[in-house]
Amino acid sequence: MADRTQQEHEQASPAVQKRVQDSFDLQGLMSHLGARITHIGPGRVHIVLPARPEVTQQHGYVHAGATSAIADSAGGYAALTLFDEDSDVLTVEYKINLLAPAAGDHLEAIGTVLKSGRTLTVCQLEVYGVQADGARTLVANGQQTLIRLHRPAA
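Residues numbered from 1 in each chain as written. Predicted model: local features only at pLDDT ≥ 70, side-chain atom pairs only at ≥ 80, totals over all residues. Heavy atoms only, no water.

Student: For this particular structure, what's the right way to read the pattern of salt bridges?
Tutor: Note that side chains of opposite charge can pair when their charged atoms are close. Inspection of the entire model under this criterion finds 3 salt bridges. One salt bridge connects Asp22 with Lys18, and the closest N-O pair in it is separated by 2.6 Å. Placement of both Asp22 and Lys18 in helix H2 (residues 14-25) is noted, with a separation of 4 residues, approximately one turn of the helix. With its nearest N and O atoms 2.6 Å apart, the salt bridge here joins Glu108 to Arg136. Taken together, the residues Glu108 in strand E4 (residues 106-116) and Arg136 in strand E6 (residues 136-150) connect sequence positions 28 residues apart. (Salt bridge = Lys/Arg side-chain N within 4 Å of Asp/Glu carboxyl O. Helix = DSSP H or I, 4+ residues; strand = E, 2+ residues; numbered from the N terminus.)

As structure tokens, then:
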């Protein structure tokens, strides 16, 4: 993979971006949470979740379930960017560590492919709390294993 700085800004092809966005748009949970994709690059996807009362827990922080959900989707779509158009993806497992209260103007989940294989793909998951002034705090990180599914020909 390219060095991290280059990878953060590299864009996937328009066809891959469309395939990822179209799939994301079918996810009822992401729509319900108010999450949106902000970057689709080869092996890297960013998802932003605005902090709203509907996604908080009892102390006013973004709920761990919402934090984990955007991390899971970011990793899954990062993997999908490296698959051919006849493939799809499902999460096999993920582990997430909650490092700090999920506070800020919004959360940004970043999924990055560490190893893309024929069957299994492993991704790094990071979630940042982002303040209105741009200050960022790592609030969760984890690792995920995904399985490549082959869609039958139409």
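We are not done yet, so read on.
Student: Honestly, the layout of surface pockets in this entry has me stumped. Any pointers?
Tutor: Space left empty within the atom packing is revealed by a probe, the size of a water molecule, rolled over the atoms. Taken as a whole, the largest pocket spans an internal volume of roughly 170 Å³. Mapped onto the lining of the largest pocket, the elements with two or more residues apiece are helix H4 (64-80) and strand E3 (87-98). Residue contributions to the lining of the largest pocket peak at 5 residues, all from H4. (1 Å grid on protein atoms, 1.4 Å probe; cavity = no way out; pocket = protein on both sides within 12 Å on 5 of 7 lines; lining within 4 Å. Points joined across faces, edges and corners; volume = space filled by probe spheres on them.)

Student: Please explain the pairing of strand E1 (residues 36-41) as it appears in this structure.
Tutor: Where a strand is regular, its side chains alternate between the two sheet faces. Where E1 meets strand E2 (residues 44-50), 5 bridges bridge the pair, whose relative direction is antiparallel. Bridge pairing in E2 places Arg36 opposite Val48. Turn length for the E1-E2 hairpin, with the two strands adjacent in sequence and antiparallel, is 2 residues, and the turn residue Gly43 shows positive phi of about 75°. (Pairing = 2+ DSSP bridges.)

Student: What is the right way to read the sheet that holds E3 from this model?
Tutor: Adjacent strands of a sheet form backbone hydrogen bonds with each other and so pair up, either parallel or antiparallel. One open sheet accounts for 6 strands, arranged E1-E2-E4-E5-E6-E3; its pairing is antiparallel. Two strands in the sheet have a free side with no partner beyond their single neighbour: E1 and E3. Each neighbouring strand pair of the sheet contributes to a mean axis angle of 20°, computed without reference to strand direction. Where E2 lies against E4, 7 bridges are found, and the strand directions are antiparallel. By the bridge assignment, Ile47 is partnered in E4 with Ala109. (Axes fitted to C-alpha atoms, helices over the stretch in contact; angles between N-to-C directions.)

Student: Help me understand the nonpolar core in this model?
Tutor: Soluble globular proteins tend to bury their nonpolar side chains together. Counting 36 residues, the largest nonpolar core has Ile47, Leu49, Ile70, Leu107 and Val127 as the members making the most contacts within it. Those residues in contact with Val127 that sit more than four places away from it in its chain are Thr67, Ile70, Ala71, Leu107, Glu108, Ala109, Thr137, Leu138, Val139 and Ala140. (Core = buried A, V, L, I, M, F, W, Y, C linked by side-chain atoms within 4.5 Å. Buried < 20%, exposed > 50% of the residue type's maximum accessible area, 1.4 Å probe, protein only. Contact = heavy atoms within 4.5 Å.)

Student: What is the right way to look at H2 in this model?
Tutor: A turn of α-helix holds 3.6 residues, and therefore any two residues three or four places apart point the same way. An ideal rise of 1.5 Å per residue puts 16 Å on 12 residues; H2 measures up with 16 Å between its terminal C-alpha atoms. Residues Val16, Arg19, Val20 and Phe24 constitute the buried set of H2. What you see down the axis of H2 is that its buried residues fit within an arc of 130°, all on one side. Structural note: H2 exposes Pro14, Ala15, Lys18 and Asp25 on the side pointing more than 90 degrees away from its buried face. Contacts from the buried residues of H2 go to helix H3 (28-33), E1, E2, H4 and E3. (Expected span 1.5 Å × (residues − 1). Arc of directions from axis to C-beta.)

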